[in-house]
Each structure stands twice: as C-alpha cells, then as structure tokens.
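What follows is the residue order along each chain.
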Amino acid sequence: MSPTRLTGTAHFDPELVRRYDRPGPRYTSYPTAPHFRTDFDEASYRRALLESNGSGRPLSLYVHIPFCEHLCFYCACTKVLTRHHEWGTDYVRRLEREMALVRRSLEDRPVVQLHFGGGTPTFLEAADLTRLMAAIRRHFTLLADDEGEYGIEIDPRTVEPEGLALLRSLGFNRLSLGVQDFDPEVQQAVHRIQPPELVATLLTRARSLGFRSLSLDLIYGLPRQTPESFARTLATAVALRPDRMALFNYAHLPELFPAQRRLSTAELPSPETKLEILSTSIAALEEAGYVHIGMDHFAHPTDDLVRAQATGTLHRNFQGYTTHGEADLVGFGMSAIGSVGNVYSQNRKDLEAWNAALDAGKLPVERGLRLDAEDKLRRHIITRLICDFRLDTEALARLSGIDFEEHFADCRPALETLRADGLIEWNGPILRVTDRGRFLVRHVCMVFDAYLVEKRARYSRVI
Ligand code: SF4
C-alpha cells in the first residue's frame, strides 16, 4: 500500500464538529475492551500464548503499576490510592510470579518494546524497581540500549533528578512525563500541582543521562482552561523541546470515573472553547516544527512515529500510537491488557482479585476475546483509518478475499453522509479521510464497528 503523506494542518469547521460531537471509542483496540468476553479465561490465554510461539513475532511488554499517592481529579485510570510504598514490594513479588507463569507458555523472543504505565510507575521504591527490572531480564531477552524502546511514565512530582539516573541504569531509554497543564489555576482545579521548573529540571537531567526520547503529555478540556492560558502552557512545553507531545482530550464521564465528580462542571470549558484550544494548539505545534501524528500525537520530523506514519506502518495500541504493530503485546499487572496474535486478554482490574489469582498460582485473567475473521477484517480497516487516514479497498479485497462494496453495503449510507459533509473522499478504490475529517476520524471508524450498538454512553465525547 502506498503511504499517505500528511502535510497539512487539520481543518476545523465548528458547526460540523458540533454536529458530530457524540461519544465514540478511542480505538486503542478493535473490538474495544467493553466487548471483551468474560468466558475468556486462563486456559484461553494460555492457548493464545502457546499458539504465538513459532510466529517469529517479537514481544512488547506492558507493566501496569497502579499505585498513586494523590488523586488527580480528572483521572480515568485504573489505580490504587495509597501512601504505603511497601505495597509496591508485594506487588513486584506478584509481578515476578506472573512473569514466571506466563513464561511457562510463552517461548523466549526479543523484547523490542517495554512500557511501564500506571497509576504511577515511579511510586515504586528504588529497590522494588531494581528487583522488577532484574525479573524482566531474567524472564525475557531485552535488546541492546540503541535497539530496544524501553519507556516509563513519570509523574514529575515523584521523581528526583537522581532517580532518573537509576531509571537510566536499569535500561529505560524513553521517558513520558505527565504534565497536563502548566497553569497554576488549572493545576489547583485538578489537584495536581507541579511547577514548570520541576519538569524543566527533570528534562535537563534526562538529556544529560542519554534518554533518547522525551515525551510530554498535555490535556485540553480541563477546568479553568482558556485559549490564552493553554497557549501559555503550550509555549512553555515547546520551549522545553520534548521529542514528542501528546495532546489528549479530557473526557468528562463522572458517572464512570468517581474522581471526576470532584471537578466543578461549571469551570469546564465549553465545546467551542475546547475546539479553539485544540485548533490553535495544533497550529502552534506545527509552527514549532512538530509533525501531527494520528489524532493526538506530535513528534519531531526525525522521530520514528513520523517515519512510520509516512510509510503506512503506524499502529495503535493501548498506550496510543506505536511503531511496533508487529509485536505480540504481553501485559502484566492489575488491569493490564495484552494483544497476542488474534487474541486480547485483560487481567483482573481489582487488586485483591489480581493478588488472589497469583497467590493461587493462576494467571489473573478477567476477560478477553479471540477475534474471528470478521473482527480481523474490521480491525485492519479501523487501524489503517486511524493511523493512515486512508484505506485502499482494492488492496483490502485482495488481502481478505471480500468484495468491499458488497461486504460493507450496509455502511454505504453512513459513508455517503461523511462524504457529503466533506469528512471523507472516495475516489475509485481509495477511501481517504480529508483534513477536515481528520479530527473526526473516530466517526469514520465507527461506521465499520460491528459492535457499536446503543452503548455509546460509556465512551468519551469526540470533542
Ligand atoms: S491521573 Fe495518573 S497520577 Fe493522577 S491519580 Fe490518575 S493514575 Fe494517578
């Protein structure tokens, strides 16, 4: 498939975006996690692991560390609030057990990617982090420092500059820093105070230690944000010269995420204000030399993500956009999701239940899904649309043996509406998301989502 080069700034049409401002999945997987089945169990996961052996696919490991000392009021993550750092010691002990149990069914393969997410991975004490990395190296084969992509999410409030030296010595070469917003008013409203100087000091130290990719996460749509205040946040972020930035949309779903009930709804920016913030932010980041990747990532032109987008090899997984779509993703820790071959598997989301399963010598599987041929076909379509903003229907037909027009005849009316609204172009075999439709690409994907019945309330709004 020839690549789509995305060079223009996304176009915004406020009236159109308002009309499409409906909840929809973020498509970090297809089918999405709410459709995983509870009759998928440990035996199902073991079978998937065994089947993946001999595939030649490398491994990508995700380790979820759920603990946080403080509650951010916008939080939608699976976490455990505690100041008892000794809980981390028990948790690491069980992670070791989980790795040993997984390795009984999974052959050794090179680990091209490792990611520690949370919660707050840096909640772990130095000794626990050291023990955990030693366990990973005992059970898996990590690559040389210049080959593997080994990242960890950092809460700047929890790491001293010297703590970074430990992370580097353990083998991490990428850092992702949760910033969200530098404005003191916004930080107060969301209960996350971290001065820009803290972030600047960490980045300077990280560079001197040779971390090769530094990424900042920002969120728009938080209480008390204005276009002016967020422009200042963005200017501060750009001045720090991170290699990547993610600009996430805050999804206010207080009925699903209790922490969000502590935010003042009256202080949330209106959809119009969010749109203005987004629009000016994208322009400012492109002006600063960043390339817009997928829906919400930005990277320097030399970054791997930019190359992957240009060559049609960009992928999306539970951590966002990635260059390692070919790898089997194996998740460890409470609530972690893996994607092995054509199977998704999610661990128990409750700490007690995750502990109990491992203490009983069982893999802590809660639910999962084995994709059938139709799921795989639609996953391919949704992945290419959300990564490349383009679908070659002829190539797809050759790959899958279907007649695209006939197979997706029921999608035609919705696609025609998207075309009439200028969100897609469809000339011959190529279906292309326009610059105008880029921000609404989730709606284009939703046309091909066979599971999307009327359960949309559980998904975040597109704006
Ligand atoms: S946003 Fe992150 S750091 Fe804050 S409470 Fe949630 S998981 Fe913890």
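Our structure's up above, just so we're on the same page.
Thresholds, definitions, all that
- Residues numbered from 1 in each chain as written.
- Predicted model: local features only at pLDDT ≥ 70, side-chain atom pairs only at ≥ 80, totals over all residues.
- Heavy atoms only, no water.
- Phe/Tyr/Trp six-rings, centres within 6.5 Å; stacked < 30°, edge-to-face > 60°.
- Helix = DSSP H or I, 4+ residues; strand = E, 2+ residues; numbered from the N terminus.
- Buried < 20%, exposed > 50% of the residue type's maximum accessible area, 1.4 Å probe, protein only.
- Lys NZ or Arg CZ within 6 Å of the ring centre and 35° of its normal.
- Expected span 1.5 Å × (residues − 1).
- Contact = heavy atoms within 4.5 Å.
- Core = buried A, V, L, I, M, F, W, Y, C linked by side-chain atoms within 4.5 Å.
- Domains from an automatic or database assignment.
- Near = heavy atom within 4 Å.
- Nonpolar A, V, L, I, M, F, W, Y, C, P; charged D, E, K, R; others polar.
- Lys, Arg positive; Asp, Glu negative; His and termini not counted.
- Salt bridge = Lys/Arg side-chain N within 4 Å of Asp/Glu carboxyl O.
- Polar contact = N/O pair within 3.5 Å; in protein donor to acceptor, adjacent residues only side chain to side chain.
- Arc of directions from axis to C-beta.
- Pairing = 2+ DSSP bridges.
- Axes fitted to C-alpha atoms, helices over the stretch in contact; angles between N-to-C directions.

Some thoughts on the packing of aromatic side chains
Counted according to the given criterion, the structure contains 13 aromatic pairs. On the basis of an interplanar angle of 75° and a centroid distance of 6.4 Å, the ring pair of Phe 67 and Trp 87 is categorised as edge-to-face. Of the two residues, Phe 67 sits in strand S2 (residues 67-68) while Trp 87 sits in helix H3 (residues 86-103), which places them 20 residues apart along the sequence. Looking at Trp 87, the relative accessible area reads 37%, which means it is partly exposed. Through a chain of ring-to-ring contacts, three or more aromatic side chains come together here, namely Phe 67, Trp 87, Tyr 91, Phe 123 and Trp 354. Between Arg 103 and the ring centre of Phe 140, over which it is positioned, the NZ or CZ distance is 5.9 Å. The lysine or arginine in question, Arg 316, covers the ring of Tyr 321, its NZ or CZ lying 4.7 Å from the ring centre.

Considerations on helix H9 (residues 271-287)
Counting along an α-helix, one turn takes 3.6 residues, and residues three or four places apart therefore face a common direction. For H9, spanning 17 residues, the distance from its first C-alpha to its last is 24 Å, which sits close to the expected 24 Å at 1.5 Å a residue. Looking at the buried side of H9, the elements it contacts are helix H1 (14-19), strand S8 (213-220), helix H8 (227-239), strand S9 (244-249), strand S10 (291-293) and strand S11 (297-299). Looking one or two residues past H9, Gly 289 carries a phi angle of roughly 100°, positive in sign.

Some points on the nonpolar core
The nonpolar side chains of a soluble globular protein tend to be buried with one another. Leu 114, Phe 116, Leu 132, Ile 136, Leu 175 and Phe 448 are the most contacted members of the largest nonpolar core, which totals 114 residues. Residues lining this core come from more than one domain, with at least three contributed by each of domain 1 (1-31 + 372-463) and domain 2 (33-332). The residues contacting Ile 136, other than those within four sequence positions of it, are Leu 61, Val 63, Met 99, Leu 114, Phe 116 and Leu 142. Of all hydrophobic cores here, the second largest spans 13 residues; its members include Ile 219, Leu 222, Ala 259 and Leu 263.

Quick word on the site of the ligand
Surveying the vicinity of the ligand reveals the residues Cys 68, His 70, Cys 72, Tyr 74, Cys 75, Cys 77, Gly 119, Thr 120 and Arg 192. For the shell around the ligand, the residue count by class is 5 nonpolar, 3 polar and 1 charged.

Notes on the side chain of Arg 438
Position of Arg 438 relative to the elements: it lies in helix H16 (residues 435-438). In this structure Arg 438 is buried but unpaired, with Asp 435 as the nearest side chain of opposite charge at 5.4 Å. A polar side-chain atom of Arg 438 sits 3.0 Å from the main-chain carbonyl oxygen of His 292.

A few points about helix H5 (residues 161-170)
Every buried residue of H5 is accounted for by Leu 164, Leu 167, Arg 168 and Leu 170. What you see down the axis of H5 is that its buried residues fit within an arc of 160°, all on one side. Exposed positions of H5 whose direction lies more than 90 degrees from the buried face are Glu 162 and Ser 169. Along its buried surface, H5 packs onto helix H4 (126-139), strand S6 (149-154), strand S7 (174-180) and helix H7 (196-209).

Details of the pattern of salt bridges
Here the structure, examined in full by the defined rule, presents 30 salt bridges. Put simply, Arg 168 and Asp 145 hold a salt bridge, and the shortest N to O gap is 2.7 Å. Of this pair, Arg 168 sits in helix H5 while Asp 145 sits in the loop between strand S5 (141-142) and S6, placing them 23 residues apart in sequence. With its nearest N and O atoms 2.9 Å apart, the salt bridge here joins Arg 419 to Glu 416. Of this pair, Arg 419 and Glu 416 both sit in helix H15 (residues 412-420), separated by 3 residues, roughly a single helical turn.

Some details on the sheet that holds strand S18 (residues 390-392)
Adjacent strands of a sheet form backbone hydrogen bonds with each other and so pair up, either parallel or antiparallel. The strand order across the open sheet built from 3 strands is S18-S20-S19, with neighbouring strands paired in antiparallel fashion. Either end of the sheet is taken by a strand with one partner, and the two such strands are S18 and strand S19 (424-427). Direction aside, neighbouring strands of the sheet carry axes that sit 10° apart on average. Summarising the sheet, S18 and strand S20 (residues 430-433) pair through 3 bridges and their orientation is antiparallel. Its bridge partner lying in S20, Asp 392 is registered against Ile 430. The strands touched by helix H12 (residues 373-388) are S18 and S20; relative to S18, the strand with the most contacts, the crossing angle is about 135°.

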